[in-house]
Amino acid sequence: MQAQIMSKVENYLRSKFGNQDIRLVGAKTDPSMAEVYIGSEFVGTLYRDEDDGDVSFDFNMSILAEDLDI
């Protein structure tokens with residue numbers, strides 16, 4: 001993912017979630033994907049999707065049951 005686009009999405013996520021520690025790191029294996037971190041903790045993936053000229057971004061965060069003490 002291009003650095004300029006990642007920066008814009010990163011700023012949006014920081015604003016939306018009120019957390020300046022959110023950062024995006026481009027994935028080496030897929031140019032349409034970035035990894036999402038809060039500080040040094042990996043929390044999910046972000047994909048860029050383009051369909052008929054419309055661009056959107058899909059943030060995917062998995063929450064493990066063991067993290068919830070279930």
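To be clear, the structure that these remarks concern was listed above.
Notes on the structure follow. Predicted, not measured: the structure shown is a model, and the values here were computed from it.

Calculation criteria
- Residues numbered from 1 in each chain as written.
- Predicted model: local features only at pLDDT ≥ 70, side-chain atom pairs only at ≥ 80, totals over all residues.
- Heavy atoms only, no water.
- Pairing = 2+ DSSP bridges.
- Helix = DSSP H or I, 4+ residues; strand = E, 2+ residues; numbered from the N terminus.
- Axes fitted to C-alpha atoms, helices over the stretch in contact; angles between N-to-C directions.
- Contact = heavy atoms within 4.5 Å.

Relative to strand β4 (residues 54-60), strand β3 (residues 41-51) runs antiparallel, the two sharing seven bridges. Considered in β4, the bridge of L46 is made with F59. The hairpin formed by β3 and β4 contains two residues between the paired strands, and D52 there has a positive phi angle of roughly 55°.

Moving on, we get to the sheet that holds β3. Taken together, four strands build an open sheet; the order of strands is β1-β2-β3-β4 and the sheet is antiparallel. Looking at which strands have only one partner, the edges of the open sheet turn out to be β1 (22-26) and β4. Neighbour to neighbour, the strand axes of the sheet diverge by 30° on average, direction disregarded. In the packing of helix α1 (residues 3-17) onto the sheet, contacts are made with β1, β2 (33-38), β3 and β4, and the angle to β1 comes to roughly 155°.

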